[in-house]
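Examination of the molecular architecture
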Amino acid sequence: MTDASQSYPTACLALADGTVFYGRGFGATGTAVAELCFNTAMTGYQEVMTDPSYAGQIVTFTFPHVGNTGVNAADDEAADPVAEGMVVKWDPTEPSNWRSTQRLGDWLTQRGRIAIGGVDTRRLTRAIRQQGAPHAALSHDPDGNFDIAALVEKARGFVGLEGMDLAKSVTCAQSYRWDEMRWAWPEGYTRQSHAKHKVVAVDYGAKRNILRCLASAGCDVVVLPATATADEVLAHKPDGVFLSNGPGDPAATGEYAVPMIHGVLAADLPVFGICLGHQMLALALGARTIKMSHGHHGANHPVKDMQTGKVEITSMNHGFAVDGHSLPEGVMETHVSLFDGSNCGIRMKDKPVFSVQHHPEASPGPQDSFYLFERFTASMGA
């Protein structure tokens, strides 16, 4: 917890346009340089910070009460925080939750992640919405010594996420089996022991809860690194292939992911993709991806199912999107964002191959889209 009575700022956030926000630092000390985005979720800051899709980004939380529920090991979506830093309105308070085992500030310090409190996050969010996701340098120094000119230059020197393949930096080092299922009261996490389908999950930065949802849907899951080839995937004789979420520019990751997906499609296997996996599938089918102005990051995004007319409230975390106008013949758009009309889902007309931009596993967020995992298993059963 920070000292709100500190007479001088102990952290600052410098944007590439020269704008500087001062506040109180907590977590690790030092400087982080990354793209700055904002997340509108009201819960789940720990899941957000450990989501591998946030590699290369500093997250501004629009909800002011961050840190109030502490942290616990069960809610990590990866072994360590992946987001470069966090920006919040109010300093973290003492945690008040029966599942909490540690303060947020202590957890960030141990994991080497920088945070700043006391920032006008509404003003910052408006700037991101109006001008696009800026490059930023976040610095924490307990003595309050900052070279502002140097921090602005660091922000301007950040190369940006376009053209950057970050999946290789967050993927698993080797293959492994996954059988842990979704958390349920009162047992907590239990193990899958009666799997009906064998699934290969290609890890571009997979969240743990996605793998849990696959296991809960009756899948025996084998996770392979992002660079796995089609031969390596098919060697496991899967009933279906899952393409995970992940960070960075899909066009860069597609250099090696698209040929693998082509091989899987040629084998006529059911395929399901989420987030970056959705973008990888779209590229493999001949569509294009584009960089968004400020992306979609939050747990309150309305998405319309174009086949049923149903509106789902979803979790999202992406700075790139599939260009819905570039979908080739034989591929249909299945979901669209009701915020801006951007593409949120596709499927092949003649094969059990589909993907969505949003996160049906949530963590954090609503559970409106869990049915997609059952759709995947049904396609394998057929």
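Look above for the structure.
Quick caveat: nothing in here was measured; it's all calculated off a predicted structure.

Now for the overall build of the protein chain. Counting secondary structure elements, the protein chain contains ten helices and 17 strands. A compact globule built from 382 residues would reach a C-alpha radius of gyration of about 21 Å, and the protein chain, at 21 Å, matches this within 12%. Seen through its principal axes, the protein chain has C-alpha atoms that stretch 65 × 45 × 40 Å. Burial status across the protein chain gives 58% buried among its 382 residues. The contacts of the protein chain with a sequence gap of at least 6 include a subset with a gap of at least 24, amounting to 75%. Separation of charge centres in the protein chain, based on 30 positive and 41 negative side chains, amounts to 3 Å.

Taken together, the side chains of Trp 98, Trp 183 and Trp 185 present a nonpolar region at the surface, about 480 Å² in accessible area. With respect to the secondary-structure elements, Trp 185 resides in the loop between strand E8 (176–178) and strand E9 (197–203). Under the relative-accessibility criterion, Trp 185 is labelled exposed at 64%.

This next bit is on the nonpolar core. Residues Tyr 204, Val 233, Leu 243, Met 260, Ile 261 and Leu 281 are the most contacted members of the largest nonpolar core, which totals 35 residues. At the level of elements, E9, strand E10 (219–225), helix H7 (230–234), strand E11 (240–243), helix H8 (250–266), helix H9 (276–285) and strand E16 (343–348) are the ones that each hand at least two residues to this core. Grouped together as the second largest cluster of nonpolar side chains are 24 residues, Trp 178, Ala 201, Leu 214 and Cys 275 included.

Here strand E13 (residues 289–305) runs beside strand E14 (residues 311–322); their pairing, made up of ten bridges, is antiparallel. Pairing of Lys 291 across the sheet is with Phe 320, part of E14. Between E13 and E14, which pair antiparallel in sequence order, lie five residues; one of them, Gly 309, sits at a positive phi of approximately 85°. Sheet analysis places E13 next to strand E15 (residues 331–337), joined by three bridges and oriented antiparallel. Along E15, the bridge assignment pairs Lys 304 with Val 336.

With mixed pairing, seven strands are arranged side by side around a closed barrel as E1-E2-E6-E5-E4-E3-E7. Neighbouring strand axes in the sheet, compared pairwise and without regard to direction, differ in orientation by 35° on average. Two strands pair when backbone bridges link them, and strand E5 (residues 85–87) and strand E6 (residues 114–117) are joined in this way by three bridges, in the parallel orientation. When the sheet's bridge partners are listed, Met 86 is paired in E6 with Ala 115. In the packing of helix H2 (residues 104–111) onto the sheet, contacts are made with strand E2 (20–27), E5 and E6, and the angle to E2 comes to roughly 90°. Against the sheet, helix H3 (residues 121–131) engages strand E1 (11–15), E2, strand E3 (30–39), strand E4 (57–61) and E5, with an angle of about 75° to E3.

Here we come to the pattern of salt bridges. The tally for this structure, following the rule as stated, stands at 14 salt bridges. Put simply, Lys 291 and Glu 35 hold a salt bridge, and the shortest N to O gap is 3.1 Å. Within this pair, whereas Lys 291 is found in strand E13, its partner Glu 35 is found in strand E3, the two being separated by 256 residues in sequence. A relative accessible area of 4% means that Glu 35 is categorised as buried. Residues participating in the shared-partner salt-bridge network are Asp 76, Asp 80 and Arg 111.

Note that Pro 259 resides in helix H8. The class of Pro 259 is partly exposed, set by a relative accessible area of 47%. C-alpha separation for the pair Pro 259 and Ala 195, spaced 64 residues apart in sequence, amounts to 29 Å.

Reading the values: the criteria
Residues numbered from 1 in each chain as written. Predicted model: local features only at pLDDT ≥ 70, side-chain atom pairs only at ≥ 80, totals over all residues. Heavy atoms only, no water. Helix = DSSP H or I, 4+ residues; strand = E, 2+ residues; numbered from the N terminus. Rg over C-alpha atoms; globule rule 2.2 N^0.38 Å. Buried < 20%, exposed > 50% of the residue type's maximum accessible area, 1.4 Å probe, protein only. Contact = heavy atoms within 4.5 Å. Lys, Arg positive; Asp, Glu negative; His and termini not counted. Charge placed at Lys NZ, Arg CZ, Asp CG, Glu CD. Patch = residues over 30% accessible without salt bridge, like charges linked within 9 Å, V, L, I, M, F, W, Y side chains within 5 Å. Areas by Shrake-Rupley, 256 points an atom, 1.4 Å probe, with all protein chains shown as cover. Salt bridge = Lys/Arg side-chain N within 4 Å of Asp/Glu carboxyl O. Core = buried A, V, L, I, M, F, W, Y, C linked by side-chain atoms within 4.5 Å. Pairing = 2+ DSSP bridges. Axes fitted to C-alpha atoms, helices over the stretch in contact; angles between N-to-C directions.

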